[in-house]
Amino acid sequence: MEKTHKIDVVSIRLVEEPPLYSSKELKNPCDVAELFQDFLKDCDREMFCILNLRTKGQVINLNVVGVGTLNSVLIHPREVFKSAILSNASNIILARNHPSGNPEPSRQDMDMTKRLAEAGRLLGIEVLDHVIVSDDRYFSFREEKLLPEYFQMDGIAAEQSFPYAKSEREKVR
């Protein structure tokens, strides 16, 4: 008699949670920073989120990828891109808070951003920006030209939908 082996069949799907409302359309890093400052203002630990976007920059959804400690959060590309793939996103914006009050990126933030940008390139999901918020300030990798060169999009939605102007940075509350 032949032995049979059980193979579980699974399905993967997005589960919607209550929406987050914003009075502003997200057009630049300042708008993204304001959204996340409101969303993360009461967090005493680092949180890492992504905004999943359509081709022309419209927001599909927001996903909290990880919650960490006071000064770190463990992030892996497979977790970052899971909701982007399920949402059929063409672009993403990375966002995190720094509860310390200093939005400047650490060496780990810079290395992780480069790693995620490279993973996104392989997947065909562009990382448009990584915004770090803290109190009433923010840091945008795109504004500071710290994203890899191949993410300076040629003519498509990024510059039109996210026209990052350095002067906007100081206007956050």
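Nothing here was measured: the structure is a model prediction, and the numbers come from that model.

Colleague: I tried to follow helix 1 (residues 29-40) on my own but got confused; where do I start?
Modeller: Each α-helix turn comprises 3.6 residues. Residues three or four places apart therefore point the same way. Taking 1.5 Å of rise per residue, twelve residues should cover 16 Å, and helix 1 covers 16 Å from first to last C-alpha, within 8% of that figure. Of all twelve residues in helix 1, ten are buried, a share of seventy percent or more. Along helix 1, the residues that are buried comprise P29, C30, D31, V32, A33, E34, L35, F36, Q37 and L40. If you follow the buried residues of helix 1, they end up packed against strand 1 (47-53), strand 2 (59-67), strand 3 (91-97), strand 4 (126-134) and strand 5 (137-140). Two or three places before C30, at the opening of helix 1, N28 has a side-chain oxygen 3.0 Å from that residue's backbone nitrogen.

Colleague: What am I meant to see in the state of the cysteines here?
Modeller: Note on terminology: disulfide describes a covalent bond linking the sulfur atoms of two cysteines. Scanning all chains against the criterion turns up zero disulfides. Left without a disulfide partner, C43 is nearest to the cysteine sulfur of C49, which lies 7.9 Å away.

Colleague: Got a minute to help me understand the pairing of strand 2 in this structure?
Modeller: Successive side chains on a regular strand alternate, one facing one side of the sheet and the next facing the other. Where strand 1 lies against strand 2, seven bridges are found, and the strand directions are antiparallel. For I50, the partnering residue across the bridge sits in strand 2 and is N63.

Colleague: In this structure, what is going on with the pattern of salt bridges? I would like to understand it.
Modeller: Two side chains with opposite charge may pair up if their charged atoms get near one another. Counted according to the given criterion, the structure contains six salt bridges. A salt bridge links R45 to D44; the shortest N-O distance between them is 3.6 Å. Of the residues examined, R45 reaches a relative accessible area of 43% and is grouped as partly exposed. Here D44 falls in the exposed class, since its relative accessible area comes to 54%. The residue D111 makes a salt bridge to R107 at a minimum N-O spacing of 3.5 Å. Here R107 and D111 lie together in helix 3 (residues 107-123), a separation of four residues that amounts to about one turn.

Colleague: How should I be thinking about unusual backbone geometry in this particular structure?
Modeller: The bulk of non-glycine residues show a negative phi, and the bulk of peptide bonds are trans. Of note in this structure, N88 is not a glycine but carries a positive phi near 60°. The backbone of K145 shows a phi angle near 55°, a positive value even though the residue is not glycine. In this fold, K145 is placed in the loop between strand 5 and helix 4 (157-161).

Colleague: Please clarify how the confidence of the model for the chain should be interpreted in this entry.
Modeller: In low-pLDDT segments, the atomic positions of the prediction should not be examined closely. Confidence along the chain averages 82 in pLDDT terms, with 83% of residues attaining 70 or more. The least confident element of the chain, judged by mean pLDDT, is helix 4 at 40; the most confident is strand 3 at 96. Low pLDDT (under 50) marks residues 150-173, which in the prediction has 72 contacts with non-local residues, meaning those over four places away or in another chain.

Colleague: Help me understand the sheet that holds strand 2, please; the structure alone is not making it clear to me.
Modeller: The strands making up a sheet are joined through hydrogen bonds of the backbone, oriented either antiparallel or parallel. As summarised here, the arrangement of the five strands in space is 2-1-3-4-5, forming an open sheet in which the pairing is mixed. If you trace the sheet from one side to the other, it starts and ends with strand 2 and strand 5, each paired once. Geometrically, the sheet is characterised by an average inter-axis angle of 20° between neighbouring strands, direction not taken into account. Docked against the sheet, helix 2 (residues 77-86) engages strand 1, strand 2, strand 3 and strand 4, running at close to 30° with respect to strand 1.

Colleague: Teacher, can you tell me more about the environment of L128 here?
Modeller: Take L128: it is sitting in strand 4. For L128, a relative accessible area of 2% translates into the label buried.

Colleague: So what exactly am I meant to see when it comes to the packing of aromatic side chains here?
Modeller: Note on aromatic pairs: each is described by the distance of the centres and the angle between the planes. Counted by the stated rule, this structure contains two aromatic pairs. Here F36 and F39 contribute two aromatic rings whose centre-to-centre distance is 6.3 Å and whose plane-to-plane angle is 80°, an arrangement assigned as edge-to-face. Of this pair, F36 and F39 both sit in helix 1, three residues apart, which is roughly one turn of the helix. Consider the rings of F139 and F141, whose centres lie 5.4 Å apart with planes at 85°: the pair is edge-to-face.

Parameters and conventions
Residues numbered from 1 in each chain as written. Predicted model: local features only at pLDDT ≥ 70, side-chain atom pairs only at ≥ 80, totals over all residues. Heavy atoms only, no water. Helix = DSSP H or I, 4+ residues; strand = E, 2+ residues; numbered from the N terminus. Expected span 1.5 Å × (residues − 1). Buried < 20%, exposed > 50% of the residue type's maximum accessible area, 1.4 Å probe, protein only. Contact = heavy atoms within 4.5 Å. Polar contact = N/O pair within 3.5 Å; in protein donor to acceptor, adjacent residues only side chain to side chain. Disulfide = S-S within 2.5 Å. Pairing = 2+ DSSP bridges. Salt bridge = Lys/Arg side-chain N within 4 Å of Asp/Glu carboxyl O. pLDDT = per-residue confidence, 0-100. Axes fitted to C-alpha atoms, helices over the stretch in contact; angles between N-to-C directions. Phe/Tyr/Trp six-rings, centres within 6.5 Å; stacked < 30°, edge-to-face > 60°.

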